[in-house]
Amino acid sequence: MLTLYVGYDPREACVYHVFCQSVIEHASGPVQFIPLHSPMLDDFDGQKDGTNAFIYSRYLVPHLQGFEGWAIFCDGDQHVNADIYELWALKDETKAVQLVKHDYETNSPRKYISTPIENDNVNYPRKNWSSVMMFNCGHKSNQILTPEFVTESDAATMHRFQWLNDDEIGGLPVIWNWLVGEYADNPEAKLHHHTLGSPGFEYY
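Cut-off values and rules
Residues numbered from 1 in each chain as written. Predicted model: local features only at pLDDT ≥ 70, side-chain atom pairs only at ≥ 80, totals over all residues. Heavy atoms only, no water. Helix = DSSP H or I, 4+ residues; strand = E, 2+ residues; numbered from the N terminus. Buried < 20%, exposed > 50% of the residue type's maximum accessible area, 1.4 Å probe, protein only. Contact = heavy atoms within 4.5 Å. Pairing = 2+ DSSP bridges. Phe/Tyr/Trp six-rings, centres within 6.5 Å; stacked < 30°, edge-to-face > 60°. Salt bridge = Lys/Arg side-chain N within 4 Å of Asp/Glu carboxyl O. Right-handed = clockwise from strand over helix to strand, strands pointing away. Core = buried A, V, L, I, M, F, W, Y, C linked by side-chain atoms within 4.5 Å.

Draft legend 1. Layout of the environment of Glu93. Structurally, Glu93 is set in the loop between α3 (84-88) and β5 (97-99). Residue Glu93 is classed as exposed on the basis of its relative accessible area of 55%. Along the sequence, Glu93 and Cys20 sit 73 residues apart, while their C-alpha atoms lie 26 Å from each other. With residues near it in sequence (within four places) discarded, Glu93 still touches Trp70 and Asn136.

As C-alpha cells, then:
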C-alpha cells in the first residue's frame, strides 16, 4: 500500500481535500492518507518561520513510519492528474529521499495575495525541494529525524537537507512538482503545485 502524508493547514482545508480527491480519482491501487495536522501530532508544528502549519512536521515522516519502508509527503496545495503509483514506482533504495531539484528564483515577491496569510515570497537555496518528497524511511541517514532534532534544528538545516550528503538526495522528474505561476503551463505535468496561492483564493 502507498502511504501518503499530506500537509494540512486549517486555513486551506479545502485545498487539502481537493488534493486527496485528485489522488483518489487517478490512483491504480490503495492509498493511505495521513494528514499532518498539529493537534494530531501532540501539537507539534515546530513553526519557527514560514507561512503554513506543517513547515517542520513534514520532516517527521520517517519517525511517524517507525523508520521503516517508504512514504510520500506532499504539500496540501497541489493536485495530480496522473496515477500516484507512477511516482511510487520511481523509488531508489540507494537514496534517503527523492524530490524535484528546483533551481529557480520566484517571479512573484508576494504569495497568498489578498488572504490573511499573505507573505513575502523569499528566495533561498533549494526552495520548494521539500514540497514533494519520497522518503526512504529506513535509510540510516534519516534515523536522525526525531521530533527533538527537528524542533532544535534551524530552517537552513531542514529546508536544505543538511542532515544528508548530497549523493543521498535523489532526483525526480520536474513534472511531479510543477510550480504553477513560476513555470509556464505544461500539459505534460502530472502534479501541479499552487505554491503562490491555490485557485480557491479569489486572486488566483
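That was the structure; now back to the text.
Draft legend 2. Looking closely at the sheet that holds strand β11 (residues 191-193). One open sheet holds the three strands; their spatial order is β4-β11-β10, and the pairing between them is mixed. Looking at which strands have only one partner, the edges of the open sheet turn out to be β4 (78-80) and β10 (178-179). Here β10 runs beside β11; their pairing, made up of two bridges, is parallel. When the sheet's bridge partners are listed, Leu179 is paired in β11 with His193.

Draft legend 3. Inspection of the packing of aromatic side chains at higher detail. Counting across every chain of the model gives ten aromatic pairs. Ring centres 5.1 Å apart and planes at 65° place the aromatic pair Trp178 and Tyr183 in the edge-to-face group. The exposure class assigned to Trp178 is buried, which follows from its relative accessible area of 14%. Members of the aromatic cluster, joined through ring pairs, are Tyr59, Trp129, Phe161 and Trp163.

Draft legend 4. The pattern of salt bridges, seen in detail. Here the structure, examined in full by the defined rule, presents seven salt bridges. With its nearest N and O atoms 3.3 Å apart, the salt bridge here joins Arg110 to Glu118. Residue Arg110 is classed as partly exposed on the basis of its relative accessible area of 31%. Of the residues examined, Glu118 reaches a relative accessible area of 30% and is grouped as partly exposed. Several salt bridges converge on common partners, so that one network encompasses Arg110, Glu118 and Asp120.

Draft legend 5. Looking closely at the pairing of strand β1 (residues 2-7). Burial within β1 is extensive, with six of its six residues counted as buried. Covered by surrounding structure in β1 are Leu2, Leu4 and Val6 together with Thr3, Tyr5 and Gly7, the residues of both alternating faces. As judged from the six bridges shared by β1 and strand β2 (residues 31-36), these two strands associate in the parallel manner. From the neighbouring strand, Leu4 faces β2, where its bridge partner is Phe33. Read from β1 through helix α1 (residues 13-26) to β2, the crossover connection turns out right-handed.

Draft legend 6. Broad picture of the nonpolar core. If you look at the biggest cluster of nonpolar residues, it comprises 26 residues, and the most contacted ones within it are Val97, Met133, Phe135, Val150, Phe161 and Trp163. Taken together, the elements giving at least two residues each to this core come down to β3 (70-74), β5 and β8 (132-136). Among all residues touching Val97, those that are not within four sequence positions of it are Met133, Met134, Phe135, Phe161, Leu164, Glu168, Ile169 and Gly170. In this structure, Tyr8, Tyr16, Val100 and Trp176 belong to the second largest nonpolar core, which totals 23 residues.

Draft legend 7. Just the pairing of β3, in detail. Counting buried residues in β3 gives five out of five residues, a clear majority hidden from the surface. Residues of β3 alternate between two faces, with Trp70, Ile72 and Cys74 on one and Ala71 and Phe73 on the opposite face, all of them buried. Two strands pair when backbone bridges link them, and β1 and β3 are joined in this way by three bridges, in the parallel orientation. Looking at the pairing, Leu4 lines up with Ile72 of β3. One ladder, built from five bridges, connects β3 with β8; its direction is antiparallel. From the neighbouring strand, Trp70 faces β8, where its bridge partner is Asn136.

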